[in-house]
Structure formats: C-alpha cells, structure tokens
Amino acid sequence: MKLERSAAPAGTVPAEAPARTQPRRARRFALRKGTVGLIVYFVLLLLPIYWMLNMSLRTNADILARFTLYPTDPTLANYARIFSDPAWYSGYINSFIYVSLNTVISLLVALPAAYAFSRYRFLGDKHMFFWLLTNRMAPPAVFLLPFFQLYSTFGLIDTHIAVALAHTLFNVPLAVWILEGFMSAVPREIDETAYIDGYSFPRFFVTIFLPLIRAGVGVTAFFCFMFSWVELLLARTLTTTEAKPIAAVMTRTVSASGLDWGLLAAAGILTIVPGALVIYFVRNYMAKGFALGRV
Amino acid sequence: MNKTYDNRAWFLVLPVFLVVAFSAIIPLITVVNYSVQDIFGPGERYFVGLEWFREVLRDTRLHEALWRQFLFSGLVLLIEIPLGVAIALMMPRKSGWAASLALVLLALPLLIPWNVIGTIWIIFTRPDIGLLGYAINTAGIPFDHTAAPLDAWITVMLMEVWHWTPLVALLAYAGLRAIPEAYYQAARIDGASDWAVFRYIQLPKMRGVLTIAVLLRFMDSFLIYAEPFVLTGGGPGNSTTFLSIHLVKIAVGQFDLGPAAAFSIIYFLIVLLFSWVFYQVLQRVGTGDRR
C-alpha cells in the first residue's frame, strides 16, 4: 500500500488524476484497519465497566457463589437500595452541588482572566500562568491538614462551598488555559469595533463576546465538572456529614461492614452517569477545545 | 497576534489570583512551618532548622519509593503517549455519529472517581469473582495481585493505562483535527507515504498538545495515590508503595508531621523542577507565531 502510493507518478499534469484516486483508495483501506483497531481498543476499555455493570445487577450472595459472564437472574435491588437510603443518595446530591458550584466559580473568575491573557501583555503574565499551574503539583497528603485548619478558621468545614473553593486550585488554571485558546481565535477587530460603537467593557463582554465563545465555555465547564467530580482527598477532608461526596460514602462502606460487591458496583455505575450526560452535550466541541489550547 | 502592553489587565486577573491564593498560599506557608519545627502538641513546638530535611534525605525507604515512582512515571509516559497517539490516529476523521460515539466512550474512564477506579479493578482482577483474574487463572497461569509483586505491578500499570490513555488520545485527537485538509492534499500530490505524513505533518502539528499531555501525565502519575491505594494498599510488601503512599504512611501512620512536611516540600520541588523543564521545552518548541 505504501509502495503503491510512493510509486504513483505525481509530477506531470496528466498523471495527476490516477495519483489522486489511488491513495484515496489506499486511505480508505487504512481507515478500515484503524477502525478494527479502535473497536478492539473500545472493547478492552469497556470490559472493566461491563464487569462492574454485571456485578451491580446481582446480589452479593450470587456474586460470591458463582462466576457468570452475565447476570442470569438480574436484580435492581442494589440500585433500589441506593435510591432509597439517604446515606447513599445524599452523597450524589452533595457531589453534584459542590461540583456545580465549583464549575460556576471557576468559569466566573477564569473568563475575565482568560480575556486578559488573550488580549494583553502585562507585568508577570507568564509567571502568573505558571504559578497557577504549580497548584496542581503539591502532594495532597500533608497539605490536607493546613487546608482543614484554614477552612475551619473561616467556619467552612462541611459546607459545599468549601469543597468548591478548594477544587478551584486545579480547575481554574485549566479553565484559564482552555478559554484563552478560544478567545485568541476571536479576531481583535470585534473588540475594537464594539468599543468604537460605545460599548462598555462589561456590556461588550456579556452581549457580544460570550456568545462568540459559547463552545469554549461548554468545554471548560465539562473539564471543571470532570476533575471536580473525580477528586476524593480534598473533598473527603473538608466534609464530615452534611456535604460528604459520593466517593467518600463509598470508601466508608468498604471499611465498615463486609464488602457488598453488588452495592459497591451499583454505586460505581451511578458515578459515571452524570459525567456521561455532560460529555454528550459538549462532544462536538471537545476536540476543538484542546486544539485551540494555549500552546 | 500582537498584544498591547497594559498593566490594567491585572484587574481582570485579580479574581483568579484571589480565589486561588486563598487556598494555595496559607497551606503552603503552614507546611513550610511544619517542616522546620518539632511539634509535640499545641503550643509546644521547637525550631529544628533543616534537621527534618536531613533525616528525610537519609531515609532509605524513601529512596526506594522515589525510584519506584520514577520507574512508574517513566513507564506511564512511555506506554500512554504512543498508545494515545495511535488511538487518536485510528479515530474517525470526519465528525458524525461515529466520532461522537468514540469521544463519549473514550471519556468514560476519565469520569470515574479515582477511588472507584481502584474498586473497579479489584472487582475486575480478583481470581474468584473478577473477569480478568478468573480468565488468567483458568488459563493455568497463577495470577494474584495481592500476593505477587510482579502481578501487583502489572495490575496497577494496566489500571493506569486504562484510566489515563484516553486523556492522551483526546488531546492528540484534538491536535489532529486542527490540521487543515490542505496539508493532506499537498502530501497526497507529493506522493508521501503514511509514515511521512505522520512524521512530517501530523507529529509536528501535535507537538503542542502532546507536550501538554506529557506534562499532565507526568504531574498526575507522579502524585498518584487513590487508585493504587485502593487496589493494592501499597503491597504486597512495599512493592507498589509509591511516593505519596509512603508520604501518607509517615504523615498519618506514624504522625511525624515534621519529616512528612519536609518530605512534601522536596516532593513538590521535584514535580516543580520536572514540570518547569517540560514547560520551558513547550514554550521553545512551540510555533513561532505565539508569543
């Protein structure tokens, strides 16, 4: 296939037509080979998740008693328990509240900052950006204690806003980075025209600029949502009962009673659902979000 | 794009600075404080200078954990980056239902809380109830990640590759999608081979996103905690005790706050140093038209 292509004459004008069709046929073949590879990869990727789904539809006794590739006697009892026990479902609600709060806060502060990074040079701009990134680099274990002290000083322990604020540490740098890419793709002339037309900065930003970078806002929201949703250590440290996230509820269950694999699997399956919904809404913009990134 | 120099832009960055500084600066100062003091209790603390740093640097178990960590992060980068690029190359080029489906599937492992990732892999690899563990043992190969260090390493690596390769693939895919069709047409006219297209068009165009992928994967794999902790608890023995698991053992298990803080600072500086090098490279090799 490669030989064919490199052997195809390319220099002369009459030879151009076959030179075009031949590689196209070759590429279609390559695509099909790639598709097979991709399907194999996705099967491997889905196997652990399928296995969890399988477990979630069986009772614990059934799981431990025999090995089956699919639930022969499927039951929704595990899910029913999660939806009826407040200790379980409140975990999802808590996670959802602080993740949403975090996404809103991250977007609100990152939008003007990303605009500044995309439109102006200023004293220490590059240092500022790198400093933001360094907040992703601290090993959490020891930092958890001062975090706890700091947030208790402000009386924020066991509130949703505490976790939302703590998660801005790693979400804000990412949000600034993605948004800046989208904003840089908008020509400056649009800003200048708006100012000449007498728009104030806030009015221009909200009525003209934001609609132009809608896709970027969606992608950023998805990434903030995702990273806040999967984080465990900070969320667990800053909460006790009222704002305890689902991930922490799951660890408690593991250590307390004997392991109920079915229940654990059902809870795990349910943690995937919200993110999967969010990704479905931004799927078309996601690739674009990174491509326009800051680098 | 030429940007105007205007320090008033700082007012726009100020909210970000305040929100992040609130959570970042005071804990950092506190940890530095711990690292130079011996703390017996509230109000009973003594300045010990760099004593904890010396103690930590002599700790042989820490050295082992550090090398283990470098090996782990190195393997992660060596496996996930090429694999992620390969997957991105196989992804559908045209947007449509196939591309949408592929993107949603690809993102699934990224959306699972980190301790749940560990749980999934326990369920998946247990010899009695796990699909993988059962299949391997049925095939006649004894496999138990709770007993054999090598099996534990293989399991942790499999989990890590399963969990994070999609991020690399997403980034690489985004980089590929940003290449204008004209480049491919030009290559076709020149009769370039698939390899030449990859080497001279796709790879250079992916340089930016790939460096970010390397940076993110380095930082996160070097700080990995929840997934291996849930899966293996650092064992068997100390074979999968990565740096942060060792750190938690000192900080929580032995409650040696001083050494743990000193260790945290060294740990942070290592990540910072490597990330800074990556960042510098990333700034240099980037295209000339941006800053």
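Rules used throughout
- Residues numbered from 1 in each chain as written.
- Chains lettered and ligands numbered in written order.
- Predicted model: local features only at pLDDT ≥ 70, side-chain atom pairs only at ≥ 80, totals over all residues.
- Helix = DSSP H or I, 4+ residues; strand = E, 2+ residues; numbered from the N terminus.
- Buried ≥ 20, exposed ≤ 12 C-beta atoms within 10 Å, placed from the backbone.
- Contact = placed C-beta atoms within 7 Å.
- Nonpolar A, V, L, I, M, F, W, Y, C, P; charged D, E, K, R; others polar.
- Pairing = 2+ DSSP bridges.
- Core = buried A, V, L, I, M, F, W, Y, C linked by C-beta atoms within 7 Å.
- Domains from an automatic or database assignment.

What to know about the overall build of chain B
- Of regular secondary structure, chain B possesses 12 helices and three strands.
- Over its C-alpha atoms, taken along the principal directions, chain B stretches across nearly 75 × 70 × 30 Å.
- Buried residues in chain B amount to 41% of all 291 residues.
- Within chain B, residue pairs in contact and separated by at least 24 positions form 71% of the contacts whose partners lie at least 6 positions apart.

Quick word on the overall build of chain A
- Looking only at helices and strands, chain A features 14 helices and one strand.
- Burial status across chain A gives 44% buried among its 295 residues.
- If you take every contact in chain A between residues at least 6 apart in sequence, the share linking residues at least 24 apart comes to 79%.

Overview of the interface of chain A and chain B
- Counting residues at the interface gives 86 residues for chain A and 85 residues for chain B.
- Classifying every residue of the side of chain A that touches chain B gives 64 nonpolar, 14 polar and eight charged.
- As judged from the two bridges shared by strand 1 (residues 120-121) of chain A and strand 1 (residues 4-5) of chain B, these two strands associate in the parallel manner. Across the sheet, residue Arg121 of chain A finds its bridge partner in strand 1 of chain B, namely Tyr5 of chain B.

Comments concerning the nonpolar core
- Formed by 160 residues in total, the largest nonpolar core has its most connected members in Ala110, Ala113 and Val176 of chain A together with Ile123, Ala172 and Leu247 of chain B.
- Ranked by residue count, the leading element in this core is helix 8 (residues 160-184) of chain A, at 16 residues.

Some words on the domain arrangement of chain A
Residue and element names in this part refer to chain A.
- The domains assigned to chain A are domain 1 (2-56) and domain 2 (81-291).
- In this complex, domain 1 contributes four residues to the contact, which on the side of domain 2 involves six residues.
- Of the residues in the side of domain 1 that touches domain 2, the class split is three nonpolar, one polar and no charged.

A few points about the environment of Ala192 of chain B
All names here are of chain B.
- Mapped onto the elements, Ala192 comes out in the loop between helix 8 (181-189) and helix 9 (194-222).
- With 21 C-beta atoms counted inside 10 Å, the residue Ala192 sits in the buried group.
- Those residues in contact with Ala192 that sit more than four places away from it in its chain are Ala187 and Val197.

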